[in-house]
Amino acid sequence: MVNKKRFARNPHTAKCLYMSPVATRPVITRKDQKTFLDVPFAIYRHDRNWVAPLYLERFQHLNPKKNPYFRHAEVQLFLAERDGEPVGRISAQIDRLHHSDAVGQFGFLEAPDDPEVFTSLFHAASRWLRERGMKCLQGPFNFSINDEMGLLVDGFDTPPSVMMGHARPYYRHRIEELGFVKAKDVIAYNYDDAEPPASLHAVYERALASSNIIIRSFDKKHMERDLGIVMSIFNDAWSGNWGFMPFTREEIDALGNNLKMLVTNEYIAIASHHGEPAAMAVTLPNINDWIAPLNGRLLPFGWARLARQVLAKRPASVRMPLMGVRKRYHNTLTGSALALGVIDTLRRYHLSRGATRAELSWILEDNQPMRRIIESIGGKPYKTYRIYEKAL
């Protein structure tokens, strides 16, 4: 797409300077993908809280042979250019598991504070989706709700945790100017090393003392069994939530491979009630603390630096991306005990290893039962991410 000519006033000379039109084109080649991944560096050049993702990991995420998401989705990446230089990017995708309601998605949005660039990017993504029968556009999702999702709209003053996004404050305004409205907010909670209130501590102790509730660590020696338990609880606990998408078998396998590399058994807690697995919580080291100095690159010395961090340093912070209690226990005292049990078991483990804080994310804004549990143990909302939507 090529927009009309545009002029901008130079504040130093008070003269109008011609600005070349923006053209948005599809990403086709490996070189285009590299350019696509390079776009954010100019956007966040002066933002000390942005963490550059690792190129190697991002190339794998965009690779249909490496990312099982592509087994059930169609994706097109776009680059916006001015005078042949990249100035913005966006993805458009259709998840066939989510296709019945004709909702397409966008993601990977990055652009300068320039309405023309935003307009051009969304025009290209919207046209591609309309041509494939989509009636509504939602996002951002990079690529799935089970990946990095949501636009940061509050909490710009701290770096993002692993697998969470960052943005510039103007993104929200540029998107809303184009007619997008809020579909849903999700909340990230900061959870420091404070002890939970005595009353909740007593609930936790009773849960551990009860012969009805048993809490144990994940067992990598039985990876397939325990990963199946975690996913079974997740799918049951989250199935009624807004936007829920179950993990496919291939995505579960990919998750298992990542967990094998990133965590010890004690990073994951599974609670059983009367012998049946009933609740789980998964934590990850916040590797953003480790990769921030690498500026996205592992070569020539990045591998050595990252290996030293992983092998020699325990994480100062962790993130809990998955937590769930089976539906039958929702809104019950047993359910609260199960949730508190897995959360505090992991809290105690990470505290013993020197971690000082955790991020519990993300939580749907209207998931009041879970929000009450997290806030009752001292969690404080500190970042808000927004999903937008617009009719096509």
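Residues numbered from 1 in each chain as written. Predicted model: local features only at pLDDT ≥ 70, side-chain atom pairs only at ≥ 80, totals over all residues. Heavy atoms only, no water.

K.L.:
I keep staring at helix α1 (residues 30-43) and nothing clicks. Help me out?
P.N.:
In an α-helix, one turn spans 3.6 residues, which is why side chains three or four residues apart end up on the same side. Every buried residue of α1 is accounted for by D32, Q33, T35, F36, L37, V39, P40, F41 and I43. Buried residues in α1 make contact with β3 (22-26), α2 (55-61), β4 (73-82), β5 (85-95), β6 (103-110) and α4 (170-177). (Buried < 20%, exposed > 50% of the residue type's maximum accessible area, 1.4 Å probe, protein only. Helix = DSSP H or I, 4+ residues; strand = E, 2+ residues; numbered from the N terminus. Contact = heavy atoms within 4.5 Å.)

K.L.:
Help me out: how do you make sense of the nonpolar core in this one?
P.N.:
Soluble globular proteins tend to bury their nonpolar side chains together. Judged by nonpolar contacts, the single largest core of 114 residues is most densely connected at L109, F122, Y171 and M323. For this core, the element with the highest residue contribution is helix α6 (residues 223-238), accounting for nine residues. Among residues more than four places away in sequence, those in contact with F122 are I90, F106, L109, L137, I175, L178 and F180. (Core = buried A, V, L, I, M, F, W, Y, C linked by side-chain atoms within 4.5 Å.)

K.L.:
Explanation requested: the packing of aromatic side chains in the structure shown.
P.N.:
For any pair of aromatic rings, the description consists of the separation of the ring centres together with the inter-plane angle of the planes. Throughout the structure, instances matching the rule amount to 19 aromatic pairs. Each ring, one from F106 and one from F180, has its centre 5.8 Å from the other, and the planes form 65°; the classification is edge-to-face. With F106 in strand β6 and F180 in the loop between α4 and β11 (181-192), the pair connects residues that are 74 residues apart, well separated along the chain. Like F180, F106 is buried. Against the face of F59 rests R30, its NZ or CZ located 3.9 Å from the ring centre. Across the ring face of F36, the terminal group of R89 is positioned such that the distance to the ring centre comes to 4.8 Å. (Phe/Tyr/Trp six-rings, centres within 6.5 Å; stacked < 30°, edge-to-face > 60°. Lys NZ or Arg CZ within 6 Å of the ring centre and 35° of its normal.)

K.L.:
Would you explain the side chain of S272 in this entry?
P.N.:
Here S272 is to be found in strand β13 (residues 268-273). For S272, a relative accessible area of 15% translates into the label buried. Setting aside anything within four residues of it in sequence, one finds S272 in contact with N212, I213, I214, P277 and A278.

K.L.:
Explanation requested: helix α3 (residues 115-130) in the structure shown.
P.N.:
For α3, with 16 residues, the first-to-last C-alpha span of 22 Å sits near the 22 Å given by 1.5 Å per residue. Those residues of α3 lying buried are E116, V117, F118, S120, L121, F122, A124, A125, S126, W128 and L129. (Expected span 1.5 Å × (residues − 1).)

K.L.:
When you look at the pairing of β4 in this model, what are you seeing that I'm missing?
P.N.:
Consecutive side chains of a regular strand alternate in pointing toward one face of the sheet and then the other. β4 sits mainly inside the fold: eight of its 10 residues count as buried. Taken together, the five bridges between β3 and β4 define a ladder with antiparallel strand orientation. Each bridged residue has a counterpart across the sheet, and for A23 the counterpart in β4 is E81. Relative to β5, β4 is paired through 10 bridges, and the arrangement is antiparallel. Across the sheet, L79 pairs through a bridge with R89, a residue of β5. (Pairing = 2+ DSSP bridges.)

K.L.:
Explain the pairing of strand β7 (residues 136-139) to me, please; I cannot follow it from the model alone.
P.N.:
Residues C136 and Q138 point to one face of β7 and L137 and G139 to the other, with burial holding for every one of them. This β-α-β element, β6 to α3 to β7, shows right-handed connectivity. Bridge analysis of β7 against strand β17 (residues 380-391) gives four bridges, and the strand direction is antiparallel. Bridge pairing in β17 places G139 opposite Y388. (Right-handed = clockwise from strand over helix to strand, strands pointing away.)

K.L.:
Before we go on, may I ask you to explain the side chain of R386 in this structure?
P.N.:
Relative to the helices and strands, R386 resides in strand β17. A residue is classified by how much of its surface remains accessible, and R386, at 11% relative accessible area, is buried. A polar atom in the side chain of R386 sits 2.7 Å from the side chain of D185. (Polar contact = N/O pair within 3.5 Å; in protein donor to acceptor, adjacent residues only side chain to side chain.)

K.L.:
Hey, could you run me through the packing of α3 against α4 in this one?
P.N.:
Describing two packed helices takes the angle between their axes plus the distance from one axis to the other. α4 packs onto α3 with a crossing angle of 60° between their chain directions and a minimal axis gap of 10 Å. It follows from the interaxial angle that α3 and α4 lie oblique. Seen from above, α3 lies across α4 with right-handed handedness. Across the interface between the two elements, P115, F118 and F122 of α3 pack against Y170, Y171, R174, I175 and E177 of α4. Of the residues assigned to the contact of α3 with α4, the class counts are six nonpolar, no polar and two charged. (Axes fitted to C-alpha atoms, helices over the stretch in contact; angles between N-to-C directions. Parallel < 35°, antiparallel > 145°, perpendicular 65-115°, else oblique. Left-handed = near helix turned anticlockwise from the far one by under 90°. Nonpolar A, V, L, I, M, F, W, Y, C, P; charged D, E, K, R; others polar.)

K.L.:
Even after reading the chapter, I still don't get the confidence of the model for the chain, so can you show me in this structure?
P.N.:
Looking at the chain as a whole, its pLDDT mean stands at 88, while 89% of the residues score no less than 70. Counting contacts from residues 1-5, a segment whose pLDDT is below 50, to residues more than four positions away or on other chains yields 16 contacts. Note that pLDDT drops below 50 for residues 299-304; the model gives that stretch four contacts with residues more than four away or on any other chain. (pLDDT = per-residue confidence, 0-100.)

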